[in-house]
Amino acid sequence: MAATIKQVPLSCSGHTRPVVHLAFSKITPDGYFLISASKDGKPMLRQGDTGDWIGTFEGHKGAVWSATLNAEATRAATGAGDFSAKVWDSVGGSELYNFSHKHIVKAVDFSRDTKFLLTGSNEKILRIFDLNQPEADPEVLTGHEGSIRHALWCADNKRIISAGEDKTVRVWDASNKSLITKLDFENSSISLELSQDDSVLVVTHKNTISFFNTDNFTKIKELTIPTQLYSASLHPDKSCVVAGGEDFKLYKLDYDTGAELESYKGHFGPVHCVRYSPDGELYASGSEDGTLRLWQNTVGKTYGLWKCTDENCAGDSSVALSSTPPSVKAEA
């Protein structure tokens, strides 16, 4: 009889309000790292493969809507309901820069060389701050007719992608601030992700995940899931995609065929964000229930805090882990 191997996610506690955004760094000499944004106003940094808490960035006075790390995990950026975006030293934890806005900041992203910070806000404006000249006025991109929900730099540092509540995704030339192309959708709840090789733009809208070629932004394909979706992430090797939304579940689909490979219900509220780790071994999800959960891409594999014993993996036991992973506390 074949072993039945259960998915046992790691639950990372610590936030006291919904987790609305998360991001991984690239792989560094010290591993890779995970940052989470929450309505509790306290973004948290964790070891990416275990969920172990490293620190909390203290300073915002409102809900934090977006958080990101640069590739090396030496800098963090956050955008919040206190009308500010902040840049942090993610090694020491200190605040480096505070950039005031006139409304809620919903999106932040570093250029790939960490020389610039991109922000998007409820002012319907994109701003580019030069981190080598933080006192200088930012460059501004206008055109969205609704609040900006997401904004990303492309790998070439020459193009910017943004999504707004005006039901559009827009691609911009970062040098001359002109609009390159505009993609229209049927609803305003849109999320964005770039594949790890930057060749594919992943757009989540309604119950659909759309994939676009970033060379010319032509549509590659669409996949559908039977719930309102809020986030999706493509595996680094493009073999599968994970997504989450209103029905509390995580879905894993075959990228080529769209077939459902797995689905799990571990959260106690809608799933607001999901992202694959840079090595593709796990994916992280953040929920209305205030928790982060880490899920194995290959269930039963020994990785991080998951320990697969020969007896459990080879036998008839329905539990493939040597022990249930403990919750990761957010207190030092």
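Preceding block: the structure.
**With respect to the overall build of the chain**
And step 1. Looking only at helices and strands, the chain has 1 helix and 28 strands in total.
And step 2. Relative to a compact globule of 332 residues, whose C-alpha radius of gyration would be 20 Å, the chain shows 19 Å and is just as compact.
And step 3. If one aligns the C-alpha atoms of the chain with their principal axes, the spans along those axes are about 65 × 45 × 35 Å.
And step 4. Within the span of the chain, comprising 332 residues, buried residues form 57% of the whole.
And step 5. Here the contacts in the chain between residues at least 6 apart in sequence split such that 43% fall between residues at least 24 apart.
And step 6. The distance from the centre of the 34 positive side-chain charges to the centre of the 43 negative ones in the chain is 4 Å.

**Details of the pairing of strand β9 (residues 95-100)**
Moving residue by residue along a regular strand, the side chains alternate between the two faces of the sheet.
And step 1. As defined by bridge partners, strand β8 (residues 84-89) adjoins β9 across 5 bridges and the pair is classed as antiparallel. Following the sheet pairing, V87 is matched in β9 by Y97.
And step 2. Where β8 folds back onto β9 in an antiparallel hairpin, the turn is made up of 5 residues, including G93, whose phi is positive at roughly 90°.

**Here's the deal with the side chain of T28**
And step 1. Along the chain, T28 turns up in the loop between β2 (19-24) and β3 (33-38).
And step 2. A relative accessible area of 13% means that T28 is categorised as buried.
And step 3. Within the local environment of T28, its side chain forms a polar contact with the backbone oxygen of G31, the two atoms lying 2.6 Å apart.
And step 4. If we skip the residues at most four places from it in the chain, T28 touches F33, A71, E72 and A73.

**Some points on unusual backbone geometry**
And step 1. A positive phi is found at F83, a non-glycine position, where the angle reads about 65°.
And step 2. Tracing the backbone shows F83 in the loop between β7 (75-80) and β8.
And step 3. For F83, a relative accessible area of 33% corresponds to the partly exposed category.
And step 4. The backbone of N157 shows a phi angle near 60°, a positive value even though the residue is not glycine.
And step 5. When you line up the elements, N157 lands in the loop between β14 (148-153) and β15 (159-164).
And step 6. You can call N157 partly exposed: its relative accessible area is 24%.

**With respect to the pattern of salt bridges**
And step 1. Within the structure shown, the criterion is met by 15 salt bridges.
And step 2. Note that D166 and R170 form a salt bridge whose closest N and O atoms lie 3.2 Å from each other. We note that D166, like R170, is buried.
And step 3. Note that K238 and D197 form a salt bridge whose closest N and O atoms lie 2.4 Å from each other. Of this pair, K238 sits in the loop between β22 (229-234) and β23 (240-245) while D197 sits in the loop between β18 (190-194) and β19 (200-205), and the two are 41 residues apart along the sequence.
And step 4. Classification of D197 as partly exposed rests on a relative accessible area of 43%.

Conventions used here
- Residues numbered from 1 in each chain as written.
- Predicted model: local features only at pLDDT ≥ 70, side-chain atom pairs only at ≥ 80, totals over all residues.
- Heavy atoms only, no water.
- Helix = DSSP H or I, 4+ residues; strand = E, 2+ residues; numbered from the N terminus.
- Rg over C-alpha atoms; globule rule 2.2 N^0.38 Å.
- Buried < 20%, exposed > 50% of the residue type's maximum accessible area, 1.4 Å probe, protein only.
- Contact = heavy atoms within 4.5 Å.
- Lys, Arg positive; Asp, Glu negative; His and termini not counted.
- Charge placed at Lys NZ, Arg CZ, Asp CG, Glu CD.
- Pairing = 2+ DSSP bridges.
- Polar contact = N/O pair within 3.5 Å; in protein donor to acceptor, adjacent residues only side chain to side chain.
- Salt bridge = Lys/Arg side-chain N within 4 Å of Asp/Glu carboxyl O.

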